[in-house]
Each structure stands twice: as C-alpha cells, then as structure tokens.
Amino acid sequence: MIMHHPINGTRIVGTFLDINVSLSLHREYAMPTRICVELLRLKTPVYEEPESTWYCDEVDLTKDYESEISRHLERLNKRVELKVSGEYHFTISLYDVEDTLLEKYVSIFHSGPSPKCLDKLKQRSNPITTLTEYNRNEYTSLAGGTTQLFMSPLCAEEYASFMPSEGLHTLPTHSAFRGSFGVDFTSMEFGHGDLMMINFVLVRYPTIKHIVELGTFAGITSFHWGIAAGLRGGELHSFDIVDNRIEAVKGLWALNQKHMKFFLADVNANPMDKQMQQSSAAADLLFVDADSRTRMEQAVRSGSLMSEGSVIIVHDFPGRYSVFEWVKTLANIGFAYNYHDIATGSNVVSSVGIFERKASVLDSISAVCLTTFRHHAQNECVSAIASGNAVQ
Ligand SMILES: C[S@@+](CC[C@H](N)C(=O)[O-])C[C@H]1O[C@@H](n2cnc3c(N)ncnc32)[C@H](O)[C@@H]1O
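About the criteria used
- Residues numbered from 1 in each chain as written.
- Predicted model: local features only at pLDDT ≥ 70, side-chain atom pairs only at ≥ 80, totals over all residues.
- Helix = DSSP H or I, 4+ residues; strand = E, 2+ residues; numbered from the N terminus.
- Contact = placed C-beta atoms within 7 Å.
- Pairing = 2+ DSSP bridges.
- Near = placed C-beta within 6 Å.
- Nonpolar A, V, L, I, M, F, W, Y, C, P; charged D, E, K, R; others polar.
- Axes fitted to C-alpha atoms, helices over the stretch in contact; angles between N-to-C directions.
- Parallel < 35°, antiparallel > 145°, perpendicular 65-115°, else oblique.
- Left-handed = near helix turned anticlockwise from the far one by under 90°.
- Buried ≥ 20, exposed ≤ 12 C-beta atoms within 10 Å, placed from the backbone.
- Right-handed = clockwise from strand over helix to strand, strands pointing away.
- Core = buried A, V, L, I, M, F, W, Y, C linked by C-beta atoms within 7 Å.

(A) Molecular detail of the overall build of the chain. For the chain, the helix and strand inventory stands at 13 helices and 16 strands. When contacts within the chain are restricted to residue pairs at least 6 apart in sequence, those whose partners lie at least 24 apart make up 68%.

Okay, structure coming up:
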C-alpha cells in the first residue's frame, strides 16, 4: 500500500514540491526488489521538450526489509523545485526479482497558478510594465507552460492558504517575487535573491566605483547599479543592442544622468565596440547579463581588460556551461571563482557566479584551488585547472 503526496489531481501553486511517500508492504504479497520513481514534466507551449528525472533503487533482501524500505523513503521524501508551470506525472513503480512490474502508482498534478490567479495576472495593470519581442512569448502565454514567475505577490492569499506551513510568513527570494520599486515582473529579470548577492558584493568590495552592465533590458536593475556607482562617486555604463526602457524609466535615468549612462551596442560585435572597450577597461565591476548564448565570451572579452581587484558577476549562472568550464576559463584570464557556497546556499535563491581578478593567472588558479576545490591536493588542482582537465 502506498500513500503519497502529491495526490492525483492536485495543483501545486508554490515553486517547491515536498514529495512524501509512505509504504506499508505485507510480506504475504510479492516483495518488490526494485523501486523506481519518476517525475515527468510534459511539454508546455514554451518548453517544447518534456523533462524527466528518475531513479531506481534495489532492495537488499538479505537485510531487514522494513529498514530497507525506510532507507528508500529517506531518498524519496525530499523537496524538489518545480521550475516550470505545467502538467507533471509522478510515478512509483515496484518490480519483483524477475523485473516484473508488481505495482505502479501515478499521480498527475499541475504546477502553476490557479485559474483565479491567472485571471488576476491577466487583468493586472502596473505603470512600469515592459513587454518586448524579447519577453512577450514567455509572459503572455499565461494559459500554462510558462515559468514559475507567475507566483506573484498579486496572488499572495493563494500561497498563504495553499501552503499554510510556509505561506507568506517568510518572503521567498526567488524571481517570482521580484520587482524592485514595485515594478511589474516583466520589467526586471533579476530576483530578490540576486539583489541580496549584489549587495553582498558591493558591501564586501567598498572600492568598487565604476560599473558596467551588459544587458540593460528595461533598465530597472540598472538603478541598483547606477545608484551604487553614484553614491561612490563612480559611473554605471549600461549596454544593450536595443533600448527597451519605457518613457517613465528613461525619465528617471535622465535625473541620474551624471552617473547612469546608456549605450546602444552589440556585445558580440567583432571588433569590440569602442565605448564598451573603454568602459570595461575602467570597470571595477562587470555585470554580464546580455545575450544568454555568449555570456562566457562577454565575460572573457571585457574581463581581459579589467584590473586586479575588480569583480565579474555573471547572471543565470552557470547557464549553458558547467561551473568547471567557467572556473577554468576565467581562472585562465586571472579571475578566481568565489562565494559559491553563499550563492547556492539554501537561504537565498539566486543564480549568480562571482569572480575576482587576481594579480596573475597563477594567483587566480591557486585561489580557486584554495576555495572551490579546496579538498584537492594543491599541486594537482593547479595543474588540472591550467590544463583544463576536470576537477570534481
Ligand atoms: C536578460 S535581459 C537583461 C536583464 C536586465 N539586466 C535586468 O536585470 O532586468 C538580456 C538583454 O540582453 C540584450 N541583448 C541580447 N543580445 C544582445 C547583444 N548581442 N548585444 C547587446 N545586448 C543584447 C537584450 O536586448 C536584453 O535586453
């Protein structure tokens, strides 16, 4: 007999699903010797590929059966993040020693906002809403298949009643609750967890003055950078291939024009845009958030021009590369990867990679071996990174 959560036909409105399975098996029935679990997300209008995570465990019949089952449950009963709204199938399959399927339990559930919340989101009106060709597809297909971004404060009462144990006693730090200065979530592609991380960096490096942002988009995150630069007597230089800032936003930039400057440029242009070259060379902090396909190239091209002590923050980290590829590539231009444990810790949901420029390439590689790969023998770690061979 299996009891489990999620229950068939339910709707999960939060981002996290607590899998909770209890098994009570009677010895008079065939004993399962293999237990498999699968969480399958079906295709959605935005994410055309279905996504499945699964694993199987063998039951060791030579051991005490009850404790074997509890060991399985410990692995099963965990919290998983549902990053995408859509239909999910949660399946538990029990097989016997001949690999014959004994039992299969499937619960089909939906993750995403309720129809009432979707309605509210469709009707919403916020003076600072930024819909562009770039983000329209993601934000207007509210019927489903969208990212969990719609877990919005506008539906706060829904989260409070559906998740009484968590409710809104503590505010989530992930993107869904984003919107500095009360802007609509379409106007900012940076969450509160990410903001916590940039404030951490700014306080930790008081000498940062000049900041470069690659990927201005709606120009709201830029206010954080621009005000920080202005307060320190420096400047923000922000670059985008298109100006997506709505008039009200441009008006506020104009009031800060002494320390907030916007430039139209293609981050992939070769040779590199002249202004971007100059601004990068003077930057104490580079924020990489333009074209998601070329973020490593952006970091390398601008980062190579930057000085000792400067910092690079990459958003949507690690994105299309592995963390090791980032660590290795940036270490080889003198930047050491840092603060991994803070950025990926459970107190803050953020997706930033933070690098600090050292005096030399050898220093950056050694620093990485002392922090990220601290469990490795120094010499082996240094030569593995320098040669590009993986360090786990
Ligand atoms: C993820 S958004 C930036 C989000 C913004 N930093 C924020 O926090 O809201 C990516 C931006 O990169 C810009 N972009 C895409 N390709 C680019 C390119 N080749 N050169 C410059 N900007 C580009 C897009 O126009 C878009 O505004």
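(B) Spotlight on the pairing of strand E5 (residues 34-41). With 8 bridges joining them, E5 and strand E6 (residues 51-58) adopt antiparallel strand pairing. Along E6, the bridge assignment pairs Leu39 with Thr53. Two elements, E5 and strand E8 (residues 86-95), share 8 bridges in a ladder whose sense is antiparallel. Along E8, the bridge assignment pairs Glu38 with Thr91.

(C) Structural view of the sheet that holds E6. In space, the 5 strands of this open sheet follow the order E2-E9-E8-E5-E6, with mixed pairing throughout. Single-partner strands in this sheet number two, and they are strand E2 (11-12) and E6.

(D) Representation of the site of the ligand. The immediate surroundings of the ligand are formed by 19 residues, with Gly215, Phe217, Thr221, Ile241 and Asp291 found nearest. For the shell around the ligand, a count of residues per class yields 10 nonpolar, 4 polar and 5 charged.

(E) Inspection of the packing of helix H9 (residues 295-303) against helix H10 (residues 323-331) at higher detail. Look at H9 against H10: their axes get within 10 Å of each other, and the N-to-C directions meet at 20°. As summarised for this structure, H9 and H10 are arranged roughly parallel, according to the angle between their axes. Note on packing geometry: the crossing formed by H9 with H10 is right-handed. Between H9 and H10, the contacting residues are Met296, Ala299, Val300 and Gly303 on the first element and Trp326, Thr329 and Leu330 on the second. Class assignment for the residues of the contact of H9 with H10 results in 5 nonpolar, 2 polar and no charged.

(F) The arrangement of the sheet that holds strand E11 (residues 236-240) in detail. The mixed open sheet is built from 7 strands, whose spatial order is E12-E11-E10-E13-E14-E16-E15. Both outer strands of the open sheet, strand E12 (260-264) and strand E15 (335-338), are each paired with one neighbouring strand and no more. Averaged over all adjacent pairs, the angle separating strand axes in this sheet is 20°, with direction ignored. Bridging between strand E10 (residues 211-214) and E11 involves 4 bridges; their strand directions are parallel. The residue of E11 that forms the bridge with Val212 is His237.

(G) The arrangement of the environment of Arg71 in detail. As for its placement among the helices and strands, Arg71 is situated in helix H1 (residues 65-76). With 15 C-beta atoms counted inside 10 Å, the residue Arg71 sits in the partly exposed group. Note: C-alpha distance between Arg71 and Val59 (12 residues apart in sequence) is 9.3 Å.

(H) Fine view of the pairing of E10. Burial of E10 is two-sided: the residues Ile211 and Glu213 facing one way and the residues Val212 and Leu214 facing the other way are all buried. A crossover connection joins E10 to the parallel E11 through helix H6 (residues 221-231); in handedness this β-α-β unit is right-handed. Sheet topology note: the E10/strand E13 (residues 285-288) ladder contains 4 bridges and is parallel. Each bridged residue has a counterpart across the sheet, and for Glu213 the counterpart in E13 is Phe287.

(I) Geometry of the nonpolar core. Counting residues in each nonpolar core, the largest one holds 46 residues, and the members touching the most others are Ile211, Phe287, Ile312, Ile313 and Val368. Look past the residues within four positions of Phe287 in its chain and what remains in contact with it is Ile211, Val212, Glu213, Leu214, Trp225 and Ile313. If you look at the next biggest cluster of nonpolar residues, it comprises 8 residues, including Val183, Phe185, Phe217 and Ile220.

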